[in-house]
Amino acid sequence: MNERQVIRGGRVVDIARRTAEPRDIVVAGDTITDVVTPGTAVADARVIDASGRLLMPGLINAHTHSHGGLGRGAGDRWTLELLLNAAPWLSGNRSMEERYLSASLVAVEMVSKGCTAAYDLFFEMPAPSVEGLETVARAYADVGMRAVIAPMMGDRTFWAAIPGLLDALPPDLRSGVEKIQLSPWETSLAIVRKALEGWKFDRDTVRLALGPTIPLHCSDAFMQGCRDLAREFGAGVHMHVLESKVQGHAGLARYGKTLVGHLDALGLLGPSFTAAHAIWLDDDDIKRFGDRGVAVAHNPGSNMRLGNGIARVRKMLDARVTVGIGTDGANCSDNQNVFEAMRLASFASRIQGHDPSRWLGTDEVLDLATRGGAKALGFGDTIGRLAPGAKADVVFLDLGHVNFIPLHDPVNLIVHAEDGTAVESVMIGGRMVLDHRRITTIDTSRLAARAQDAIERLRSVNAPARALSDKLAEAVGKFCGALDEKPYRVERHLASQ
Ligand SMILES: [Zn+2]
């Protein structure tokens, strides 16, 4: 499709200058070819009226989980470890249709809230499947949203991952847990290789990456296998790194060094590596990330919801770490609203110290959620900006909405006032995927009913898994709670830089 379009009459946000000047955007096919003064003649172009609209680059969600779409609202007072303890019933036994449904729900929500691309760590038990990965890819492609899908994998279960936890479980529960097995790493990697080799989706829209979920959950051979496969196919690697203090202690106990030090020794860290959360990094860990060109996906909503703390983003930026902003999965944070994630990223930085020059400015936050996210997803500068040569991923915000009245600094309003409710239309790759608040690509009318049917079925098939997880929760909470009480090498209050 090389049709020419011109988006006329809107005001285009300039993040660095904090302005929104009237400009027309010229699009050919899926790419922006020009940003011109209003009214400039553009031959043979279809006109899209953007009068009364603020135009900004599509937001990029640097970390989510599409399987979480059917887990939204399932838990309340969960730490990360209690969430992982619940994973078998929360995300297990999904049919292909349910995997598609869950991803569709998540994609539709993201687009409706101004997000045009996401890094999705998608989970299947006991191993990823080619069909599952293609099913999720199809969900994104059908909605018309960009995604990097990283199968979330491990060869060690959560209970085996934390040194000492299995031994701390009552014997009857321990034997129940030991029956839960993940596939050997060779099996998982062979499946991902097959998916990579046979990938038939447009890589500019939906591509594959590798998601060895958490260092502690993966044998060294597994992580090295992911590293090599990623190199061979030019794919990214996305892991959860030091999300909780418990993981910090468990890492020291297992490897005798920090998890970041261990990943570095295995040769995992590099420009195509994205670390989600990265909360419990010491100064040396942060420096390593900067030196290796690693990207971090900062998820302040999830980090607060699970009580994990807040990443030291200012220190990361000082160390030249690429940072994107994510929502994390709907099963732990619960909406998929990057506007809210930006607002929380800004606010959270302000409880980390009294020096306002160390806080994240709204211009910085918006830059992280657009250009930073683009880099974290491996898209370079092809998305995340409204400029010639970039993909035409454009969010139309209604300037008549109360969120933009009065129109002070537009960047402040986007980060601190907008909550997704002023998103009126969303163009992705030149196509209007959300048009006047209606998704144009798929029929969304039945999604709600299907989601309700799916969770009723899943509740019943996953009842035994839930019963086991509920029984385990007390022992898991006690063991991990004790670890959390122990001072870790980053001796700081959670809310400090
Ligand atoms: Zn996650």
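The model shown is predicted, which means the values in this text are computed figures rather than measured ones.

Undergrad: Honestly, the pairing of strand β15 (residues 295-298) in this entry has me stumped. Any pointers?
TA: Remember that side chains alternate between the two faces of the sheet whenever the strand is regular. Side chains Ala295 and Ala297 project from β15 onto one buried face, and the interleaved Val296 and His298 project onto a second face that is buried too. Traced from strand β14 (residues 273-277) through helix α11 (residues 283-292) to β15, the parallel crossover comes out right-handed. Bridge count for β15 against strand β16 (residues 322-325) is four bridges, and the pairing is parallel. Among the inter-strand pairings, Ala297 is bridged to a residue of β16, identified as Gly324.

Undergrad: Explanation requested: the pattern of salt bridges in the structure shown.
TA: Here the idea is simple: oppositely charged side chains can pair when their charged atoms come close. A complete count under the given rule lists 33 salt bridges for this structure. Here Arg288 and Asp264 are joined by a salt bridge, their closest N and O atoms 2.8 Å apart. One end of the pair, Arg288, is in helix α11; the other, Asp264, is in helix α10 (residues 259-265), and 24 residues separate them in sequence. Residue class for Asp264 comes out buried when judged on its relative accessible area of 11%. Beyond isolated ion pairs, a larger network of salt bridges with shared partners links Asp264, Asp284, Arg288 and Arg292.

Undergrad: Quick question: what am I supposed to make of the pairing of strand β4 (residues 24-28) here?
TA: Summarising burial for β4: five of the five residues are buried, a large majority. Because side chains alternate across β4, one face comprises the buried residues Asp24, Val26 and Ala28, and the other comprises Ile25 and Val27, equally buried. Here four bridges tie strand β1 (residues 4-8) to β4, and the two strands are oriented antiparallel to one another. Counted as the bridge partner of Val6 is Val26 from β4. The hairpin formed by β4 and strand β5 (residues 31-36) contains two residues between the paired strands, and Gly29 there has a positive phi angle of roughly 60°.

Undergrad: What's the story with the sheet that holds β14 in this structure? I'm lost.
TA: Paired through their backbone hydrogen bonds, the strands of a sheet run either parallel or antiparallel. Strand order in this open sheet of four strands is β13-β14-β15-β16, and the pairing throughout is parallel. Of all strands in the sheet, those bounded by a partner on one side alone are β13 (237-241) and β16. Direction aside, the axes of adjacent strands within the sheet are offset by 25° on average.

Undergrad: How should I be thinking about the side chain of Ser333 in this particular structure?
TA: As for its position among the elements, Ser333 is in helix α14 (residues 330-333). For Ser333, a relative accessible area of 12% corresponds to the buried category. From its side chain, Ser333 meets the backbone oxygen of Thr327 in a polar contact 2.4 Å long. In contact with Ser333, not counting residues within four places along its chain, are Gly301, Ser302, Arg305, Thr327 and Asp328.

Undergrad: What's the story with the packing of aromatic side chains in this structure? I'm lost.
TA: A ring pair, where both rings are aromatic, is described by two values, the distance of the centres and the angle of the planes. In the structure shown here, the tally under the stated rule is four aromatic pairs. When the ring of Trp78 is compared with that of Trp89, the centres are 6.2 Å apart and the planes differ by 65°; the resulting orientation is edge-to-face. Placement of the pair is Trp78 in the loop between β8 (59-64) and α1 (80-91) and Trp89 in helix α1, with a sequence separation of eleven residues. On the basis of relative accessible area, Trp78 is assigned to the buried category, the value being 15%. Taking the centre distance of 5.7 Å and the plane angle of 65° together, the rings of Phe158 and Trp159 count as edge-to-face. The pair Phe158 / Trp159 is uniform in exposure class, with both members buried. The ring of Phe379 carries the charged tip of Arg207 above its face, separated from the ring centre by 3.9 Å. Directly above the ring of Trp89 sits Arg466, whose terminal nitrogen or CZ lies 4.0 Å from the centroid.

Undergrad: Quick question: what am I supposed to make of the coordination of the zinc ion here?
TA: Reference values for angles at a metal are 109.5 degrees in the four-donor tetrahedral case and 90 or 180 degrees in the six-donor octahedral case. Looking at the metal site, the zinc ion is ligated by His63 (NE2), His65 (NE2), His240 (NE2) and Asp328 (OD), spaced 2.1 to 2.7 Å from it. Taken together, the four donor atoms coordinating the zinc ion span angles of 82 to 173° at the metal, a pattern that classifies the geometry as irregular. Site description for the zinc ion: donor spacing in sequence, H-x1-H-x174-H-x87-D. Of the two residues, His63 is situated in strand β8 and His240 in strand β13; the sequence distance between them amounts to 177 residues. His240 matches His63 in its accessibility class, with the two residues each being buried.

Undergrad: What should I look at first to understand the packing of helix α2 (residues 96-112) against helix α3 (residues 130-143) in this one?
TA: Each pair of packed helices can be described by the angle between their axes along with the distance between the axes. The contact between α2 and α3 brings their axes to 8 Å, and the two run at 35°. Like other packed secondary-structure pairs, α2 and α3 cross with a definite hand, here right-handed. In this structure, α2 uses Met96, Arg99, Tyr100, Ala103, Ser104, Val106, Ala107, Val108, Met110 and Val111 to contact α3, whose residues at the interface are Glu131, Gly132, Thr135, Val136, Arg138, Ala139, Tyr140, Asp142 and Val143. Here the contact of α2 with α3 is built from residues that sort into twelve nonpolar, three polar and four charged.

Undergrad: Mind showing me how you'd approach the packing of α1 against helix α19 (residues 463-485) here?
TA: With their axes 9 Å apart at the nearest point, α1 and α19 run at an angle of 165° to one another. One element, α1, and the other, α19, form an angle in the roughly antiparallel class. Crossing of α1 against α19: the hand is right-handed. In this structure, α1 contributes Glu81, Leu82, Asn85, Ala86, Pro88 and Trp89 to the contact, and α19 contributes Ala465, Arg466, Ser469, Leu472, Ala473, Val476, Gly477 and Cys480.

Undergrad: I would appreciate a short explanation of the sheet that holds strand β20 (residues 438-439) in the present structure.
TA: Sheet architecture is open: seven strands sit in the order β3-β2-β7-β17-β18-β19-β20, paired in mixed fashion. On the outer flanks of this sheet lie β3 (19-22) and β20, each paired with one strand and no other. Pairing geometry for strand β19 (residues 431-435) and β20, over two bridges, is antiparallel. Paired with Asp435 across the strands is Arg438, a residue of β20.

Analysis parameters
Residues numbered from 1 in each chain as written. Predicted model: local features only at pLDDT ≥ 70, side-chain atom pairs only at ≥ 80, totals over all residues. Heavy atoms only, no water. Buried < 20%, exposed > 50% of the residue type's maximum accessible area, 1.4 Å probe, protein only. Helix = DSSP H or I, 4+ residues; strand = E, 2+ residues; numbered from the N terminus. Right-handed = clockwise from strand over helix to strand, strands pointing away. Pairing = 2+ DSSP bridges. Salt bridge = Lys/Arg side-chain N within 4 Å of Asp/Glu carboxyl O. Axes fitted to C-alpha atoms, helices over the stretch in contact; angles between N-to-C directions. Polar contact = N/O pair within 3.5 Å; in protein donor to acceptor, adjacent residues only side chain to side chain. Contact = heavy atoms within 4.5 Å. Phe/Tyr/Trp six-rings, centres within 6.5 Å; stacked < 30°, edge-to-face > 60°. Lys NZ or Arg CZ within 6 Å of the ring centre and 35° of its normal. Donors = N, O, S within 2.8 Å, 3.2 Å for Na, K, Ca; no water. Tetrahedral: all angles 85-135°; square planar, octahedral: opposite > 155°, others 65-115°. Left-handed = near helix turned anticlockwise from the far one by under 90°. Nonpolar A, V, L, I, M, F, W, Y, C, P; charged D, E, K, R; others polar. Parallel < 35°, antiparallel > 145°, perpendicular 65-115°, else oblique.

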